[in-house]
Amino acid sequence: MHHFQYQNDQMYCEDLPIQQIAQEVGTPFYLYSHATLKRHFNAFYNAFDGVDRLVCYSAKANTNQAILNLFAQLGGGLDIVSGGELYRGLQAGFEPDKIVYSGVGKRVDEIDYALKSGILMFNIESLEELEIINQRASHFNTVAPVAIRVNPDVDPKTHPYISTGLKKNKFGIDIVSALLGYKAARKLDHIEIKGVDCHIGSQITDVQPFKDTLASLKNLIDELREIGISIRYLDMGGGLGITYDDETPPAPDEYAQSIIQSLKGSSLKLILEPGRVIVGNAGILVAQVLYTKIGETKNFVITDVGMNDLMRPALYDAFHAIKPVTQTQDTAIVADIVGPICETSDFMARDRKIARVYRGDLLAVMSAGAYSFTMSSNYCSRPKCAEVMVKGDRFHVIRKRQAVEDLCAGESVPGFLDER
Ligand SMILES: *Cc1c(COP(=O)(O)O)cnc(C)c1O
């Protein structure tokens, strides 16, 4: 359960009517519940009770400073995929030695930044990357802590665009080459082998793919031990799914048990990189109806939320529940809920049953806490929308709405345009 519930036909976020926030902030805006964020983080962390573990929240799901700051305060670490996320994480107060760095395309400047910051480890995704990190660490006369991201060739049975642990995916190193990678790493003077890492995909709704992955990683760790390479950290990545529609993902406890059971007796320190499961259902996107077009064959509800604000439906045909902020007795219609952008993929929902709504009504696009604001853009020169956090009966604008003046920032007209 989350904290977006109706009281007397009005949707509230915790103890505040969403209508009231909309009046003060304007629309569209993302809205996060502090209580839900905190509960989700703690539930995930506590599910692994009794296990030596570090929960490295996956920044790319939602990088707002207020949200990162909250997870840092709750004792979390951070999983990053860029120098920009490292900057955000350090700004938000994460201790560098709780930060793990994944990603297939780390640039030299990003590697240098992470080395200087003293992160916990680099999750290496290719043997060339291993070489480069060794060179950079040598340049700074230091030692780079690493894990190899293993691609276990396990099918996570999720959308193909968010499946990352199959051989055909660009991520990680297959398990045979990984063994060679560790042997190579052992010979490098500026590399310290710390762990084994994986991340097989996102929005996974079954524990079996995680179990299969863990089984092959354990085999690898045993083989490594036999040749004298000892592993301290086992990083299981993220990927646990949430309910958007009618999915029934395992609860954090069930997920944790499936991992803990096969780790009994080992001295490995467990790292987890949850993103979506922590923030996904802790946020919504509030839209305003601009127009309705009730047609003979098709109905359209046109709102002020575009695919630039929430890209998931256009990108993955993702489902988001859409609810009226004020419930009415009006009969339902079936409509496409679309935005103002000049693209046919600019929709939040298609052929969706929804109560008849009118210009000015507010709609809540549910489950919009993960991969939502972070994927937003300025397409069609639409300023990025505001983000708001509620705690009890208080709210705070945690990111102000962009102004049109912000849109041209950094752009420059060359003098040579005036030359004849
Ligand atoms: C995106 C990502 C995660 C988080 O995935 P979720 O499905 O949001 O839990 C974790 N680790 C890595 C390496 C990622 O790229």
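Coordinates for the structure precede this section.
Residues numbered from 1 in each chain as written. Predicted model: local features only at pLDDT ≥ 70, side-chain atom pairs only at ≥ 80, totals over all residues. Heavy atoms only, no water.

1. Examining the environment of L362
Counting through the fold element by element, L362 comes out in strand 19 (residues 362–365). Taking the relative accessible area as the measure of exposure, L362 reaches 8% and is therefore buried. Linking L362 and C13, residues 349 residues apart in sequence, is a C-alpha distance of 14 Å. Not counting chain neighbours up to four residues away, the residues in contact with L362 comprise Q19, A22, T27, A287, Q288, K323, P324 and V325. (Helix = DSSP H or I, 4+ residues; strand = E, 2+ residues; numbered from the N terminus. Buried < 20%, exposed > 50% of the residue type's maximum accessible area, 1.4 Å probe, protein only. Contact = heavy atoms within 4.5 Å.)

2. Here's the deal with the side chain of T303
Looking at the element boundaries, T303 is found in strand 15 (residues 299–303). Looking at T303, the relative accessible area reads 2%, which means it is buried. At a separation of 3.1 Å, a polar atom in the side chain of T303 contacts the main-chain amide nitrogen of V305. Once residues within four sequence positions are removed from consideration, T303 is found in contact with A287, Q288, V289, L290, I337, V338, G339, P340 and L363. (Polar contact = N/O pair within 3.5 Å; in protein donor to acceptor, adjacent residues only side chain to side chain.)

3. Considerations on the sheet that holds strand 3 (residues 16–17)
An order of 1-2-3 is seen for the 3 strands of this open sheet, with the pairing classed as antiparallel. This sheet does not close on itself; its edge strands, each paired only once, are strand 1 (4–7) and strand 3. Pairing geometry for strand 2 (residues 10–13) and strand 3, over 2 bridges, is antiparallel. Opposite C13, over in strand 3, you have L16 as the bridge partner. (Pairing = 2+ DSSP bridges.)

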